[in-house]
Amino acid sequence: MSETALEALYRAVRMQLAAETFFAGRVYADVAPPKTARPFCVFSYAAGGERNQLVKPDAEIELTVRCVADTLQDAFAGAGAISNALNDADLSDPKALNGGPSWEILHTRQLGIVHMRELVDGRDVYHEGHRFSFRMEGK
Amino acid sequence: MPALADNKIYLSIDGIAVQAYFKNVTLTSSSATVETTRGAGTDHMQRAPGLKDTSISITIGYDTANIQTFIQKIAPGQQVMIEYGPEGAVTGKPRHVQTFVITDAAHTVEVSKADVVFELTGEAADAPIVDMYAGAVY
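For every chain, the first residue of the written sequence is number 1, and numbering continues from 1 along that sequence. Throughout, the order in which chains and ligands are written sets their labels, letters from A for the former and numbers from 1 for the latter. Totals for whole chains, interfaces and linings use all residues, but because this is a predicted model, local features are given only for residues with pLDDT of at least 70 and pairs of side-chain atoms are given and counted only at 80 or more. Each side-chain value is worked out from all heavy atoms of the structure, with water and hydrogens disregarded.

Let's talk about the interface of chain A and chain B
Much of the literature gives interface size as the accessible area that the parts lose upon coming together.
Consideration 1: With eleven residues of chain A at the interface, the matching set in chain B holds nine residues.
Consideration 2: Once two parts are brought into contact, the accessible area they lose, counted with a 1.4 Å probe and summed over both, makes up the buried area. Regarding the contact of chain A and chain B, the summed buried area is about 740 Å², with carbon and sulfur atoms giving 39% of it.
Consideration 3: Only one rule defines a salt bridge in this text: a Lys or Arg side-chain nitrogen within 4 Å of an Asp or Glu carboxyl oxygen. Applying the counting rule to chain A against chain B returns four salt bridges.
Consideration 4: For B:K113, the salt bridge goes to A:D90, with nearest N and O atoms at 2.9 Å.
Consideration 5: Between N or O atoms, a polar contact is any pair within 3.5 Å; within protein, one atom must be a potential hydrogen donor and the other a potential acceptor, and residues adjacent in sequence are included only when both atoms are from side chains. Summed over the shared surface of chain A and chain B, the number is six residue pairs in polar contact (both at pLDDT 80 or more).
Consideration 6: Ranked by residue count, the leading element in the side of chain A that touches chain B is strand β4 (residues 103–120) of chain A, at three residues.
Consideration 7: Taken together, the residues that form the side of chain A that touches chain B break down as two nonpolar, three polar and six charged. Contacts are assigned to residue pairs with any non-hydrogen atoms lying within 4.5 Å of each other. Note on conventions: DSSP H or I runs of at least 4 residues are helices, E runs of at least 2 residues are strands, and numbering of each starts at the N terminus. Classification used: nonpolar for Ala, Val, Leu, Ile, Met, Phe, Trp, Tyr, Cys and Pro, charged for Asp, Glu, Lys and Arg, polar for all others including Gly.

Considering the nonpolar core
Consideration 1: If you look at the biggest cluster of nonpolar residues, it comprises 30 residues, and the most contacted ones within it are A:L17 and A:L86.
Consideration 2: Listed by contribution, the elements that provide at least two residues to this core are α1 (5–18), β2 (40–50), β3 (58–69), α2 (72–86), β4 and β5 (123–138) of chain A.
Consideration 3: No other element matches the seven residues that α1(A) contributes to this core.
Consideration 4: Not counting the four nearest positions on each side in its chain, A:L17 is found in contact with A:F23, A:V27, A:C41, A:F43, A:V65, A:I82, A:A85 and A:L86.
Consideration 5: B:I13, B:Y21, B:I58 and B:V80 belong to the second-largest nonpolar core, a separate cluster that totals 22 residues. Residues belong to one nonpolar core when they are buried, are Ala, Val, Leu, Ile, Met, Phe, Trp, Tyr or Cys, and are joined through side-chain atoms within 4.5 Å. Residue exposure (1.4 Å probe, protein chains only): buried if accessible area is under 20% of the type maximum, exposed if over 50%, otherwise partly exposed.

Describing the packing of aromatic side chains
Residues and elements named next belong to chain B.
Consideration 1: Centre distance within 6.5 Å is the pairing criterion for rings of Phe, Tyr and Trp, where only the six-membered ring of Trp is used; planes under 30 degrees apart are then read as stacked, over 60 as edge-to-face, and the remainder as tilted. A complete count under the given rule lists six aromatic pairs over all chains for this structure.
Consideration 2: For the pair Y62 and F118, a centre-to-centre distance of 5.8 Å together with 15° between the ring planes defines the contact as stacked. Placement of Y62 in the loop between β4 (47–61) and α1 (67–70) and of F118 in strand β7 (residues 117–124) is noted, with a sequence separation of 56 residues between them.
Consideration 3: Residue F118 is classed as buried on the basis of its relative accessible area of 6%.

Comments concerning the sheet that holds strand β2 (residues 16–17) of chain B
All names here are of chain B.
Consideration 1: When DSSP finds two or more bridges between two strands, those strands count as paired. Strands sit in the order β2-β1-β5-β6-β7-β4-β3 across an open sheet of seven strands; the sheet is antiparallel. Every interior strand has two partners, whereas the edge strands, β2 and β3 (22–35), have only one.
Consideration 2: The pairing of strand β6 (residues 96–108) with β7 spans eight bridges and is antiparallel. Bridge pairing links D104 to T121 in β7.

Focus: the side chain of A:T36
Residue and element names in this part refer to chain A.
Consideration 1: Position of T36 relative to the elements: it lies in the loop between β1 (27–29) and β2.
Consideration 2: Given a relative accessible area of 15%, T36 falls into the buried group.
Consideration 3: Engagement of the side chain of T36 in a polar contact is seen with the backbone oxygen of P33, the distance being 2.6 Å.
Consideration 4: Look past the residues within four positions of T36 in its chain and what remains in contact with it is R26 and Y28.

Some details on the packing of α1(A) against α2(A)
Residues and elements named next belong to chain A.
Consideration 1: To obtain each axis, a line is fitted to C-alpha atoms, and for helices this fit is confined to the stretch in contact; angles are then taken between N-to-C directions over 0 to 180 degrees. Axis separation between α1 and α2 bottoms out at 9 Å; the angle between their running directions is 120°. The angle between α1 and α2 falls in the class oblique. Between α1 and α2 the crossing geometry is right-handed. Here V13, Q16 and L17 of α1 lie close against α2, whose contacting residues are I82, A85 and L86.
Consideration 2: Of the residues belonging to the contact of α1 with α2, the class tally is five nonpolar, one polar and no charged. By the definition adopted for this analysis, an angle is roughly parallel if under 35 degrees, roughly antiparallel if over 145, roughly perpendicular if from 65 to 115, and oblique otherwise. Handedness of a crossing follows from how the near helix is turned relative to the far one, being left-handed for an anticlockwise turn of less than a right angle and right-handed for a clockwise one.

Things to note about the pattern of salt bridges
Consideration 1: Scanning the model with the defined rule gives 16 salt bridges over all chains in all.
Consideration 2: Note that A:R51 is salt-bridged to B:D115, the shortest N-O span being 3.2 Å. In this pair, A:R51 sits in the loop between β2 and β3 while B:D115 sits in the loop between β6 and β7, so the two residues belong to two different chains.
Consideration 3: A relative accessible area of 29% means that B:D115 is categorised as partly exposed.
Consideration 4: Among the ionic pairs, A:D88 bridges to B:K113, the shortest N-O distance being 2.6 Å. On the criterion of chain membership, the pair formed by A:D88 in the loop between α2 and β4 and B:K113 in the loop between β6 and β7 is interchain, its members lying in two chains.

Digging into unusual backbone geometry
Consideration 1: A cis amide bond links A:R38 to the next residue, A:P39, at an omega of 5°.
Consideration 2: By the element assignment, A:P39 lies in the loop between β1 and β2.
Consideration 3: In this structure, A:K35 is a non-glycine residue whose phi angle is positive, near 60°.
Consideration 4: Position of A:K35 among the secondary structure elements: in the loop between β1 and β2.
Consideration 5: The exposed category is assigned to A:K35, whose relative accessible area is 86%.
Consideration 6: Positive phi values are uncommon outside glycine, yet B:K113 reaches one of about 65°.

Right, here's the structure in full:
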């Protein structure tokens, strides 16, 4: 096996979200670069790892995926784009995630909501999105 | 010596190796008893071993690439030869070979996307050909 489950998942999720025109390619793992124009999308590891339910490697990993925007309306639209890209992107579905050379991503499940409003330099910044669970199996 | 606590088994059904898809295996060897209580004043039950029996339950995952290699072997109502090695097919390790009648092959799919499996049960069609409980090994 040439890569870890999390490495394969990060790549697959980034590719899937980058194809959503709403973000215009502004999709980042863990942290966006300084002064990134909003709205953008950022995803990060939340929970999970090896499942130990199969003889071969298998994993279940949760990611938090959110849109960061200047308005609540844009944030909600971004959350919708995230959901459109990732929810139920199962292996049998046309929008299946590409797990790469070492992993199959068997299914995705959309879980809880991410909702946050913060003040940055006196201005509102909105975070909207979801947690997702990804079931994976080694090839 | 260390205890066994891994999953490197050998399991085949009518010659088709399925250990790559297994989730659990339970092999139950049992014995009936025959009451032999006798003698005046006896105040405790006496028994002797009766007929032996064996049953097996196997949970196999639904492997989308290989389902057609084994699904016909797990259809209920047929007699199949099951071979099982709890430590794999390794020389010197326990081995059990016996024919079973498959009595059930339950299959469930859930909207929550839980693992899809087949839950098989079988009852022995005859005495073991190779008996793990008699010390048989590979």
